[in-house]
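Spelled out, the chains give:
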Protein chains: 2
Amino acid sequence: MIRNFNEVIEAVQKSGIQKKIAIAAAQDTDVLTSAIATRDLGLAEFILVGDVDKINAILVSLKQDVSTWEIIPTQNDVDSANLVAKLIADRKADLPMKGLLQTSQFLKAILNKELGLVKPKALLSQATVVEYVQENRMMLITDCAINIAPTFEEKMIITQNAVDFCHILGIEIPNVAIIAPVEEVRLAIQSTVDAAMLSKAAQRKQLKGCVVDGPLALDNALSLQASIHKGIQSSVAGHSDILVMPDLNAGNILDKSLRYFADYKTAGCVLGANVPLIMTSRSDSPENKLSAIACALLQLLKI
Amino acid sequence: MIRNFNEVIEAVQKSGIQKKIAIAAAQDTDVLTSAIATRDLGLAEFILVGDVDKINAILVSLKQDVSTWEIIPTQNDVDSANLVAKLIADRKADLPMKGLLQTSQFLKAILNKELGLVKPKALLSQATVVEYVQENRMMLITDCAINIAPTFEEKMIITQNAVDFCHILGIEIPNVAIIAPVEEVRLAIQSTVDAAMLSKAAQRKQLKGCVVDGPLALDNALSLQASIHKGIQSSVAGHSDILVMPDLNAGNILDKSLRYFADYKTAGCVLGANVPLIMTSRSDSPENKLSAIACALLQLLKI
């Protein structure tokens, strides 16, 4: 079982399989800095797609030998995104990464049905992987960035996407906590209704390879003592590997709370496509970005 | 300006005004433990209402001289709640506190219109007061416990309730951040719509004594650097005194995240009535509970 981001990096290094990441609109200092760090660690090679003059200038400013980088010039962001998607579809690169362009432009190219990078019934979802240092293990929080107000059906896919990632981390039967403000089922609080449905659906094997319980308030999910104090019987309480959020409001706030108040190490993953997507955010630290790239590469090894 | 819970306690002690707290259904070890701590600090006296035999037994087990406590026996929880509400209305006690009974039973007695403890247009709301240690100041998060899915109108009152409490803490013009997952106004994300409305309403002086900005993501609200990085112009960013949550899902999760992941000291306040209500939760630590009582007493000094 992989317990921290260093172990993710080690697992990718040990695999010895050289993968290639294609960056759309790579003309960005932050993005290229993380590409250099990734290459220096021997994790992957890159194809840099975008404004070749700007890319060259940034590489020089970062003290790189430009001749050692594969660069494909394009005219604009849309061309960059489309070319990266095609490189993946044609298996000339393994992983697409978003550079300095709109998320919507990047996703539109990747989701292009003709390329087959996303299955028809798939739903892209985001999960924040957290180094839960107190317990020396990884925990996933989903969805903190993509799906605004997921329905029950969408939460089913979001949950399964996270469960599948836990399997890749070596967590055989992840414990999934469906988080709500209270641990009781109340019609007035939709997150508790969804939680009851997801729990029962998992028991009926509509979700695979996991144990699901909810509604659980965050304290019950994290602390066995807190759940005992409340008289809650739950095999998930205190042992949660995945926290499924009520909606984007809650997910985004928890994600940022962990980084700003608790100073946790985290990495964002985009799940649900046939290939992992790398979409780091401007607000990510260089360390966050490297962890996100390593998590995407890890998925690739296990697919 | 009051910067931490010790200063709240000191302010109440220095006032020298002796206040009386009436506890409904006081037969609970946790509740009586916090009452003893409050009395030992000279913050308030108590009237213990409820099951007199159980109350006596607990007091003895906590090494108290029972004769030094004012106890009023009642037959059941409803009677306890009604008697406490009447004691407040008759000015025989200053503050009502919830003991070992259902929140709904306690609130029903307090909200009884004939007693006049709550103004007709008032809305009760909860705010979590946080010792924001990195910045050596207090911050409020609202609503984390009462209002499930507040409308714009309800968020107006929830915000004003928190602003009024900041004034009591000595924060003259609190900065209010309306939190959402993104800092842009998007029709698909209701929290960003509400945030735009609240910001403009504050500018039109529909909210008093505060500066309001939103939508802001949590990182923008907390970190000036993060907001500059995103190109956001906001006098609130990085200086937020109040974080208004999108809904109960988000508020409750952030509240618990601060306690479980970041180990912050917090206290829950119930705002909006003519008297502060003390409603501690089983999951509060003895220290949390004492802070909550002190915050309620502080409000009373300033009303």
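As shown above, the structure is provided for reference.
Q: Mind laying out the sheet that holds strand 1 (residues 19–24) of chain B, listing which residues take part and the relevant values?
A: One key point about sheets: their strands pair by backbone hydrogen bonds, in either a parallel or an antiparallel sense. All names here are of chain B. With parallel pairing, the four strands of this open sheet are ordered in space as 3-2-1-4. On the outer flanks of this sheet lie strand 3 (70–73) and strand 4 (95–98), each paired with one strand and no other. Ignoring strand direction, the axes of neighbouring strands in this sheet form an average angle of 25 degrees. Lying on the sheet, helix 11 (residues 286–302) is in contact with strand 1, strand 2 (44–50) and strand 4; it crosses strand 1 at an angle near 130 degrees.

Q: Kindly report on the interface of chain B and chain A, identifying the contributing residues and their values.
A: Of the residues lining the interface, 36 residues belong to chain B; the matching set on chain A comes to 36 residues. Here chain B packs against chain A, burying approximately 3,000 Å² in sum over the two surfaces, 71% of which is carbon and sulfur. It is B:Ile253, B:Tyr260 and B:Phe261 that lose the most area in chain B upon contact with chain A, and together they represent 25% of the buried surface on that side. In this assembly, chain B and chain A are joined by two salt bridges. B:Asp219 is the partner of A:Lys256 in a salt bridge, and the nearest nitrogen-oxygen pair spans 3.7 Å. Elements supplying a minimum of two residues to the side of chain B that touches chain A: helix 8 (218–222), helix 9 (224–229) and helix 10 (248–260) of chain B. Broken down by element, the side of chain B that touches chain A gets its largest block of residues, 10 residues, from helix 10 of chain B.

Q: Go over the pattern of salt bridges, please, and point to the residues and values.
A: Evaluated as defined, the whole model comprises 24 salt bridges over all chains. Between B:Glu287 and B:Lys265 there is a salt bridge; the shortest N-O distance is 3.5 Å. Linking B:Glu287 in helix 11 with B:Lys265 in the loop between helix 10 and strand 10 (266–271), this pair joins segments that are 22 residues apart in sequence. The exposure class assigned to B:Glu287 is partly exposed, which follows from its relative accessible area of 46%. Here the salt bridges share partners, and the residues they tie into one network are A:Glu135, A:Arg137 and A:Asp241.

Q: An account of the pairing of strand 6 (residues 137–142) of chain A is requested, with residue identities and associated values reported.
A: Residue and element names in this part refer to chain A. Among the six residues in strand 6, six count as buried, and that is most of the element. With six bridges connecting them, strand 5 (residues 125–132) and strand 6 associate as antiparallel partners. Residue pairing across strands places Ala127 opposite Thr142, the latter belonging to strand 6. Note: strand 6 against strand 9 (residues 242–244), three bridges, orientation parallel.

Q: An account of the sheet that holds strand 10 of chain B is requested, with residue identities and associated values reported.
A: All names here are of chain B. Strand order in the open sheet formed by six strands is 8-7-9-6-5-10, and the pairing between neighbours is mixed. Edge positions in the sheet fall to strand 8 (211–216) and strand 10, since each has one partner strand and no second. Within the sheet, the average angular offset between the axes of one strand and its neighbour, ignoring direction, is 25 degrees. Sheet strands touched by helix 1 (residues 5–15): strand 5 (125–132), strand 6 (137–142) and strand 10. Its angle to strand 5, the strand with the most contacts, is close to 110 degrees. The strands touched by helix 7 (residues 190–203) within the sheet are strand 7 (175–179) and strand 8, with strand 8 carrying the most contacts at an inclination of about 160 degrees.

Q: Just give me the short version of unusual backbone geometry, but keep the residues and values in it.
A: Residue and element names in this part refer to chain A. The residue after Gly214, namely Pro215, is reached through a cis peptide bond having omega 5 degrees. Looking at where Pro215 falls in the secondary structure, it is placed in strand 8 (residues 211–216). For Asn136, which is not a glycine, the phi torsion comes out positive at approximately 50 degrees. Its location among the elements puts Asn136 in the loop between strand 5 and strand 6. Using a relative accessible area of 43% as the deciding quantity, one classes Asn136 as partly exposed.

Q: Can you lay out the packing of aromatic side chains for me, pointing to particular residues and giving the numbers?
A: Geometrically, a pair of aromatic rings is defined through the distance of the ring centres and the angle of the planes. This structure, assessed with the given rule, holds six aromatic pairs over all chains. When the centroid spacing of 5.4 Å and the interplanar angle of 80 degrees are considered together, the rings of A:Tyr264 and B:Phe261 count as edge-to-face. Of the two residues, A:Tyr264 sits in the loop between helix 10 (248–260) and strand 10 (266–271) while B:Phe261 sits in the loop between helix 10 and strand 10, which places them in two different chains. By the burial criterion, A:Tyr264 is buried, and B:Phe261 matches it. Aromatic pair B:Phe46 and B:Trp69: ring centres 6.1 Å apart, planes at 40 degrees, arrangement tilted.

Q: So what's going on with helix 5 (residues 103–111) of chain A? Residues and values would help.
A: Residue and element names in this part refer to chain A. Those residues of helix 5 that fall on the buried side of the exposure criterion are Phe106, Leu107, Ala109 and Ile110. Along the axis of helix 5, the buried positions cluster into a sector of 160 degrees, meaning they face one direction only. Opposite the packed face of helix 5, turned more than 90 degrees from it, sit the exposed residues Ser104 and Lys108. For helix 5, the secondary structure elements touched by its buried residues are strand 1 (19–24), helix 4 (77–89) and strand 4 (95–98).

Q: Give a detailed account of helix 4 of chain A, specifying residues and quantitative values.
A: All names here are of chain A. Between its first and last C-alpha atoms helix 4 spans 18 Å; for 13 residues at 1.5 Å apiece the expected length is 18 Å, and the two agree. Inspection of helix 4 places Ser80, Ala81, Val84, Ala85, Leu87 and Ile88 among the buried residues, and these make up the whole buried set. The arc that holds every buried residue of helix 4, seen down its axis, measures 160 degrees, which confines them to one face. Its buried side turned inward, helix 4 meets strand 1, strand 2 (44–50), strand 3 (70–73), strand 4 and helix 5. Put simply, Asn76 is the residue that caps the front of helix 4, since its side-chain oxygen is 3.2 Å from the backbone nitrogen of Val78.

What counts, and where the lines are drawn
Residues numbered from 1 in each chain as written. Chains lettered and ligands numbered in written order. Predicted model: local features only at pLDDT ≥ 70, side-chain atom pairs only at ≥ 80, totals over all residues. Heavy atoms only, no water. Pairing = 2+ DSSP bridges. Helix = DSSP H or I, 4+ residues; strand = E, 2+ residues; numbered from the N terminus. Axes fitted to C-alpha atoms, helices over the stretch in contact; angles between N-to-C directions. Contact = heavy atoms within 4.5 Å. Buried area = accessible area lost by both parts, 1.4 Å probe. Salt bridge = Lys/Arg side-chain N within 4 Å of Asp/Glu carboxyl O. Buried < 20%, exposed > 50% of the residue type's maximum accessible area, 1.4 Å probe, protein only. Phe/Tyr/Trp six-rings, centres within 6.5 Å; stacked < 30°, edge-to-face > 60°. Arc of directions from axis to C-beta. Expected span 1.5 Å × (residues − 1). Polar contact = N/O pair within 3.5 Å; in protein donor to acceptor, adjacent residues only side chain to side chain.

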